[in-house]
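Now for the letters of each chain:
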Amino acid sequence: MTDSQWPVWEVFVQANPGISHKHVGNVHAVDAEMAIQNARDVYTRRSEGISIWVVPANAISASSPEDQGAFFEPSNDKPYRHPTFYKIPEGVKYL
Amino acid sequence: MDDAKQVEAFEAKIASGQKIEPKDWMPEAYRKQLIRMMSQHAHSEIVGMLPEGNWITRAPNLRRKAILLAKVQDEAGHGLYLYSATETLGIDRTELLSQLHTGKAKYSSIFNYPTLTWADIGAIGWLVDGAAIMNQTALARGSYGPYCRAMVRICKEESFHNRQGYEIMMHLAQGTPEQKALAQDALNRWWWPSIMMLGPSDDQSPNSDQLMRWKVKMESNDAIRQRFIDRTVPQADFIGLTIPDKDMKLDEKTGSYTHGPINWDEFFDVIKGNGPCNAKRLKARVDADKEGAWVREAAAAYAAKQSKQKQVA
């Protein structure tokens, strides 16, 4: 039997309670259980996490870098979505 | 967009300090150079486990043993980060490992030297990891996103390696005359290979211009080597050990140390495969791969069985 390197799983680690899981890298593994164990050994050797998610890499769809400009354009011309867009006179409180 | 325009856009992006990510367009030469460099780096991490692994069962006490185990485990982890970063360039790990096992790919020359005494473990952490950190902190500012992220992670962990090595040397240097002699002997044997591992001197290192512009290389080998020497010599002085270079002098004006001539013939000879341990290291890797095959096969068979049972249920 020829050796196989197994599917890739992307690894997300939650560092502390209450914050989001963050992408940290990936591992090769035969199944989800092994992916979680490998991810623990590779990415949390120094208490970097309290929870791990693994996702088959081929299940992830991504936006394409070439379309980045056009794709994100709709939000660029709407500065009024930010609170700093509005001028409030000094002395007005709690705004 | 034609190629010339794409290259122009690519170089402008790098010049502005942005990172290149896996799905971005990149010149073939950039991809090739990165695969070569990053896989060589990954191979160095896992081959680097061998000289140190040699002393795990003979560490002088439990504290040292636990530390050495953790360090060698880190090296395996570093190999994995780097293989995974290299895979983002469109080559798979099986292919990379086969390049290592057939001798097509290189790894750092330093790991072809033997670890003869316990003091060598101190010297490796202090000097070899120290030199690697110099190189890697520079690389962390490079242009390829996945490589930089791996470097940041690795540098953080290497700093423990560096300090534990210095601590071993310090304890030996403060011990009995025999212990101090062990430390000095290890320094004598590891000093020159350590400063050589930062690569050939600038006049012998071709095509650096393009690599610098593409931020594949961040600094010249000689610049990194000089910084390593300047930081390490006072550390040796502090614990009463002597750098084995009779020409080494502090230049009062620059604050830098000038060093004696480096034996580059030895360096190139070790790279070519004629170092003291080249054959041994490669054999250990190939054997580990062969002997571990049944574990990988069993894991794959188990996973296949589980997924079949799930389908039935």
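Worth saying up front: this structure is predicted, and the values here are computed from it rather than measured.

Caption draft 1: The arrangement of the packing of helix H6 (residues 118–139) of chain B against helix H10 (residues 221–238) of chain B in detail. All names here are of chain B. Where H6 contacts H10, the axes come no closer than 10 Å and their chain directions differ by 140°. Here H6 lies oblique to H10, going by the angle between them. Between H6 and H10 the crossing geometry is right-handed. Of the residues in H10, those touching H6 at Trp126, Leu127, Gly130, Ala131, Met134, Asn135 and Ala138 are Ile224, Arg227, Phe228, Arg231, Thr232, Gln235 and Ala236. Residue composition of the contact of H6 with H10, grouped by class: 8 nonpolar, 4 polar and 2 charged.

Caption draft 2: Just the pairing of strand E1 (residues 8–14) of chain A, in detail. Residue and element names in this part refer to chain A. Within E1, 6 of the 7 residues are buried, which leaves it mostly tucked inside the rest of the structure. Where E1 and strand E2 (residues 22–28) come together, 6 bridges link them in antiparallel fashion. Bridge pairing in E2 links Glu10 to Asn26. Summarising the sheet, E1 and strand E3 (residues 51–56) pair through 6 bridges and their orientation is antiparallel. Each residue of the ladder has a partner; that of Phe12, found in E3, is Trp53.

Caption draft 3: Focus on helix H11 (residues 264–274) of chain B. Residues and elements named next belong to chain B. Restricting attention to buried positions, one finds in H11 the residues Trp264, Phe267 and Val270. Down the axis of H11, the sector holding all buried residues measures 125°, keeping them to one side. Residues of H11 that are exposed and angled more than 90 degrees away from the buried face: Asp265, Lys272 and Asn274. In this fold, the buried residues of H11 make contact with helix H8 (177–196), H10 and helix H12 (278–291).

Caption draft 4: Examining the pattern of salt bridges more closely. Evaluated as defined, the whole model comprises 23 salt bridges over all chains. We note a salt bridge from Glu157 of chain B to Arg46 of chain A, for which the minimum N-O separation is 3.3 Å. Taken as a pair, Glu157 of chain B in helix H7 (residues 145–173) and Arg46 of chain A in the loop between helix H1 (32–43) and E3 lie in two separate chains rather than in one. Its salt-bridge partner being Arg189 of chain B, residue Asp185 of chain B comes within 2.9 Å of it at the nearest N-O pair.

Caption draft 5: A look at the interface of chain B and chain A. Counting from both sides, the interface comprises 22 residues of chain B and, opposite them, 18 residues of chain A. Each partner contributes to the roughly 1,900 Å² buried at the junction of chain B and chain A, and carbon and sulfur atoms together form 48% of this total. Looking only at chain B, the three residues that lose the most surface to chain A are Lys23, Arg153 and Arg296 of chain B, adding up to 25% of its buried area. Applying the counting rule to chain B against chain A returns 5 salt bridges. For Arg45 of chain A, the salt bridge is made with Asp74 of chain B, and the minimal N-O distance between the two is 2.8 Å. Across the contact surface, chain B and chain A share 11 residue pairs in polar contact (both at pLDDT 80 or more). Put simply, the parts of the chain that give the side of chain B that touches chain A at least two residues each are helix H4 (62–87), helix H5 (93–101), H7 and helix H13 (293–312) of chain B. Counting residues per element, the side of chain B that touches chain A draws most heavily on H4 of chain B, at 8 residues.

Caption draft 6: Local environment of the sheet that holds E2 of chain A. All names here are of chain A. Strand order in this open sheet of 3 strands is E2-E1-E3, and the pairing throughout is antiparallel. Single-partner strands in this sheet number two, and they are E2 and E3. Here the strands of the sheet are splayed against their neighbours by 30° on average, with no regard to which way each runs.

Caption draft 7: How the structure looks around the packing of aromatic side chains. Residue and element names in this part refer to chain B. On inspection of all chains with the given rule, the structure shows 15 aromatic pairs over all chains. Ring geometry for Trp191 against Phe228: centres 6.1 Å apart, planes inclined by 20°, an arrangement best described as stacked. With Trp191 in helix H8 and Phe228 in helix H10, this residue pair connects regions lying 37 residues apart in the sequence. Just as Trp191 is buried, Phe228 falls in that class too. An aromatic cluster is built from Phe10, Trp25, Tyr30, Tyr144 and Trp214, whose rings are joined through pairwise contacts. Its end group placed over the ring of Trp55, Arg58 keeps NZ or CZ at 4.0 Å from the ring centre.

Caption draft 8: Structural context of the nonpolar core. Residues and elements named next belong to chain B. Counting residues in each nonpolar core, the largest one holds 97 residues, and the members touching the most others are Tyr30, Tyr144, Tyr147, Met169, Trp190 and Trp191. With 13 residues, the top contributor of residues to this core is H6. Ignoring anything within four residues of it in the chain, the contact list for Tyr30 reads Phe10, Ile14, Ile20, Ser143, Tyr144, Trp214 and Val216.

Caption draft 9: Focus on the packing of H12 of chain B against H13 of chain B. Residues and elements named next belong to chain B. Contact pair H12 / H13: the axes reach a minimum separation of 4 Å and the direction vectors enclose 35°. Contact residues: Asp289, Lys290 and Glu291 in H12; Ala293, Trp294 and Arg296 in H13. Residues of the contact of H12 with H13, tallied by class, amount to 2 nonpolar, no polar and 4 charged.

Parameters and conventions
- Residue positions are given per chain, counted from 1 along the sequence in the order it is written.
- Chains and ligands are labelled by the order in which they are written, letters from A for the one and numbers from 1 for the other.
- Totals for whole chains, interfaces and linings use every residue, but because this is a predicted model, local features are given only for residues with pLDDT of at least 70 and side-chain atom pairs only at 80 or more, for both listing and counting.
- Calculated side-chain values reflect all of the structure's heavy atoms, with hydrogen atoms and water omitted.
- A fitted line through C-alpha atoms serves as each axis, taken over the contacting stretch for helices, and the angle formed by two N-to-C directions is quoted from 0 to 180°.
- Each helix corresponds to a stretch of at least 4 residues labelled H or I by DSSP, and each strand to a stretch of at least 2 residues labelled E; elements are numbered beginning at the N terminus.
- In this scheme, roughly parallel covers angles under 35 degrees and roughly antiparallel covers those over 145, while 65 to 115 is roughly perpendicular and the rest are oblique.
- In a left-handed crossing the near helix is turned counterclockwise from the far helix by less than a right angle, and in a right-handed crossing that turn is clockwise.
- By definition in these notes, contact holds between two residues if any of their heavy atoms fall within 4.5 Å.
- Only Asp, Glu, Lys and Arg are considered charged, only Ala, Val, Leu, Ile, Met, Phe, Trp, Tyr, Cys and Pro nonpolar, and every remaining residue, Gly among them, polar.
- Remark: exposure states derive from per-residue accessible area (1.4 Å probe, protein chains only) relative to the maximum for the residue type, with buried under 20%, exposed over 50%, and partly exposed in between.
- At least two DSSP bridges between two strands are needed for those strands to be called paired.
- Throughout, the arc means the angular range of directions from the helix axis out to the C-beta atoms.
- For this analysis, a salt bridge means a side-chain nitrogen from Lys or Arg found within 4 Å of a carboxyl oxygen belonging to Asp or Glu.
- What counts as buried area is the accessible surface, traced by a 1.4 Å probe, that two parts surrender upon association, with contributions from both included.
- As used in this structure description, the phrase polar contact means that two N or O atoms lie within 3.5 Å; if the pair is within protein, one of them must be able to donate a hydrogen and the other to accept it, and residues adjacent in sequence are counted only when both atoms belong to side chains.
- The aromatic pairing rule takes the rings of Phe, Tyr and Trp, using the six-membered ring of Trp, and pairs them if the centres are within 6.5 Å, calling planes under 30 degrees apart stacked, those over 60 edge-to-face and the rest tilted.
- For a ring to carry a charge above it, either NZ of a lysine or CZ of an arginine must fall within 6 Å of the ring centroid while also lying within 35 degrees of the normal to the ring plane.
- Buried Ala, Val, Leu, Ile, Met, Phe, Trp, Tyr and Cys residues that are joined via side-chain atoms within 4.5 Å together make up what is termed a nonpolar core.

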